[in-house]
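Structural features, examined
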Amino acid sequence: MASLVSLTNETQFVKTVCAIVVKGHWDNLLKPKIGSSLTSTIINQVLLCLPLDGSSLSWSFFKWVESIPSYKHSLQSSWAMIHILTKQKHYKTAQNMLEKIASRDFLSSPTVLNSLTGNGDDPDSNSQVMSWLVIVYANLKMTQDAIQVFEHMRVNGFKPHLHACTVLLNSLVKDGVTDMVWKIYKKMVKIGVVANMHVFNVLIHACCKSGDVEKAEQLLSEMELAGMFPDLFTYNTLISLYCKKGMHYQALSIQDRMEQGGVCPDIVTYNSLIYGYSREGRMREASRLFKDIKGAVPNHVTYTTLIDGYCRVNDMDEAVRLRAEMETKGLYPGVVTYNSILRKLCAQGRIRDANKLLNEMNEKKIEPDNITCNTLINAYCKIGDLKSALRVRRKMLEAGLKPDKFSYKALIHGFCKAKEMDSGKDLLFEMLDAGFSASYCIYSWLVDGYCNQDNEEAIVRLLEEFLRKGLCVDISVYRALIRRLCKREKVHFAQRIFILMQGKGILGDSVVYTSLAYAYLKTGEATVASDLLDEMYRRRLMITLNLYRSFSASYADDKGILDIFWGRVVERGLISKKSRGGSIALLDRPWNHLTSALGTFSSPVPEP
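As recorded in an unreviewed UniProt entry, the chain goes by Pentatricopeptide repeat-containing protein and comes from Rhododendron griersonianum.

Here it is in structure tokens:
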């Protein structure tokens, strides 16, 4: 007799095991004839057949089976046990179990969810468990998985619980994915989940993150129409939003409104208002508000905000006085407070005073952070003390801090300024190896440095070094080098890089063509400039509002040539009339007075 299952049907075997479990004769299940047939599939069916009498029989049996050597619960049996615990209202145990398997298995996969929820479980129970799953993933910062579970529920007719929706939305706001917040909210409303105060507060917080005042005010109106009155969190979020946007009158109006509604401001309210004034240097108003604080006690944030504000307006005496006042009230300054003062001392070139402040931090065992180190590195680089800048970076590494893009940017600028171009270039490669991308200004410093040494060939060789080191050279690198070389009127070197770029199969964009065309025009090679503009027309490369503004600002001193250039661009229809931000004022300017100057160009490209 190979096994009991081979002699009887599976259903009868399950009933037999259920009877043994109910009677408590569990050791009989370890007998070879039965034990050899106890698969995870059988256990899953047994769990579903056991009576739901509110006892812990199912859970006790589930845990006991785990002790059988070489046996392991399947995902199906674990899912079934979670449902049983849920139906028996053992919510905490069910949630803990779900959290364990969610971190171990890929529960968010649509295929897995379909197999788990397609076994005929109670829809309410499935909604409960999957709502917990959304919460688990959101709390684990696995936001994409949480969204997948939410989508599975929506598509399959399972209604997510309001709390799950709130946690998911809040997680998205914290991640700064505000576009997805509104998509999830719309879907949530469409399937019948009614927003409460917590949801509205999360949405207003999303508006604060994205700086959308109009949307926040609209949400406030919706809340009030739904009979919900703003609470302290609502008011504080709105005040913070208005202060960040410099809308002080509206922020103070909200403060008045909350007090009229019987909601007392707390220190968060006052801190937001003080921050709004301080960031704009309006320290008289900030100080007056600080003195008028009622029903709240100033904290580290209050003092640090004021100190930073006084540093902004160069009132270091008041900043230092406030730091001393903090200590008398038992609020010992932290690294953020010190960073505000240190940043200003370095900006004023008071390196000796900055070092004294560092020694004070060391005595008080206040650990410097990346901002502290970057401030010092930048200050030393500005005065050309590169040895001290590198020493700070070395200490930074010894303290377990990692250089960030600001550290590299300051050092590269310092070495380029000191004409130590090879060191600057090595730092660029180190920066790229660390996973950071270089901005246009970094490439500009390198181009300027090599041009000042009449070593333009080194700029061309830079591309070869990129490839030799296995680094990805995309259009942003070529664009930056071409753009800066054109600005330096080294157009023939810019052309060489343009040819190298095309040789790699990378096509130029509007910035590349505009830079080259203008540089050729400025150096008197109008025919080449015209050919480039014609190529732009053929490839439908349009000049956007942002590019027009940036280019005009960059070449503002070239008034006459710039007018000629834009005139020819307009003739070819290369300026996007519907570019972002509205139509370009350039299009409304009279160009008739330029017709004589445009004679050096070829005739306009005919309309197709």
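Now, onward.
The helix and strand tally for the chain stands at 34 helices and zero strands. For the chain, whose C-alpha radius of gyration is 34 Å, the value lies well above the compact-globule estimate of 25 Å for 608 residues. The principal-axis extent of the C-alpha atoms belonging to the chain is close to 100 × 70 × 55 Å. In the chain, which comprises 608 residues, the share counted as buried stands at 48%. Summarising the internal contacts of the chain: among those between residues at least 6 apart in sequence, 64% fall at separations of at least 24. Of the roughly 30600 Å² of accessible surface on the chain, a fraction of 52% belongs to carbon and sulfur atoms. Each charge class in the chain was averaged separately, 76 positive and 63 negative side chains, and the resulting centres sit 1 Å apart.

By the secondary structure assignment, Gln-128 is in helix H9 (residues 123-139). Looking at Gln-128, the relative accessible area reads 16%, which means it is buried. Apart from the residues within four sequence positions on either side, Gln-128 is in contact with Thr-86 and His-161.

Their axes nearest at 10 Å, the elements helix H5 (residues 57-65) and helix H6 (residues 75-87) cross at an angle of 155°. Taken together, the axes of H5 and H6 lie roughly antiparallel to each other. Two packed elements cross with a definite hand, and for H5 against H6 that hand is left-handed. Each of Ser-58, Trp-59 and Phe-62 in H5 lies in contact with H6, whose residues at this interface are Ser-77, Ser-78, Met-81, Ile-84 and Leu-85.

Over its 13 residues, helix H14 (residues 213-225) extends 19 Å from the first C-alpha to the last, a length consistent with the 18 Å expected when each residue adds 1.5 Å. Where H14 starts, the residue carrying a side-chain oxygen 3.5 Å from the main-chain nitrogen of Glu-214 turns out to be Asp-212. Downstream of H14 by one or two residues, Gly-227 has phi in the positive range, about 80°.

The subject of this paragraph is the pattern of salt bridges. As enumerated under the stated definition, the model contains 27 salt bridges in all. For the salt bridge of Lys-364 with Glu-360, the shortest nitrogen-to-oxygen distance reads 3.4 Å. In this structure Lys-364 comes out as partly exposed when scored by relative accessible area, which is 38%. The salt bridge involving Arg-538 is made with Glu-535; its shortest N-O contact spans 3.1 Å. With Arg-538 and Glu-535 both in helix H32 (residues 526-538), this residue pair falls three residues apart, about one helical turn. Overlapping salt bridges, with partners in common, bring together Glu-318, Arg-321, Glu-325 and Lys-329 in one network.

A separate point is the packing of aromatic side chains. With the rule as written, the count across this model stands at 15 aromatic pairs. Arranged with centres 6.0 Å apart and planes meeting at 25°, the rings of Phe-551 and Phe-565 form a pair that is stacked. With Phe-551 in helix H33 (residues 545-554) and Phe-565 in helix H34 (residues 559-571), this pair connects stretches of sequence that are 14 residues apart. The buried category is assigned to Phe-551, whose relative accessible area is 5%. Where Phe-551 meets Trp-566, the ring centres are 5.8 Å apart and the plane angle is 70°; that geometry is what we call edge-to-face. Pair noted here: Phe-551 is in helix H33 and Trp-566 is in helix H34, with a separation of 15 residues, a long-range link. Three or more aromatic residues joined by ring pairs form one cluster here, namely Tyr-518, Tyr-548, Phe-551, Tyr-555, Phe-565 and Trp-566. Positioned above the aromatic ring of Tyr-440 is the side chain of Arg-483, whose terminal nitrogen or guanidinium carbon lies 4.0 Å from the ring centre. The ring of Tyr-537 carries Arg-540 above its face, with NZ or CZ at 4.8 Å from the centroid.

What counts, and at which threshold
- Residues numbered from 1 in each chain as written.
- Predicted model: local features only at pLDDT ≥ 70, side-chain atom pairs only at ≥ 80, totals over all residues.
- Heavy atoms only, no water.
- Helix = DSSP H or I, 4+ residues; strand = E, 2+ residues; numbered from the N terminus.
- Rg over C-alpha atoms; globule rule 2.2 N^0.38 Å.
- Buried < 20%, exposed > 50% of the residue type's maximum accessible area, 1.4 Å probe, protein only.
- Contact = heavy atoms within 4.5 Å.
- Areas by Shrake-Rupley, 256 points an atom, 1.4 Å probe, with all protein chains shown as cover.
- Lys, Arg positive; Asp, Glu negative; His and termini not counted.
- Charge placed at Lys NZ, Arg CZ, Asp CG, Glu CD.
- Axes fitted to C-alpha atoms, helices over the stretch in contact; angles between N-to-C directions.
- Parallel < 35°, antiparallel > 145°, perpendicular 65-115°, else oblique.
- Left-handed = near helix turned anticlockwise from the far one by under 90°.
- Expected span 1.5 Å × (residues − 1).
- Polar contact = N/O pair within 3.5 Å; in protein donor to acceptor, adjacent residues only side chain to side chain.
- Salt bridge = Lys/Arg side-chain N within 4 Å of Asp/Glu carboxyl O.
- Phe/Tyr/Trp six-rings, centres within 6.5 Å; stacked < 30°, edge-to-face > 60°.
- Lys NZ or Arg CZ within 6 Å of the ring centre and 35° of its normal.

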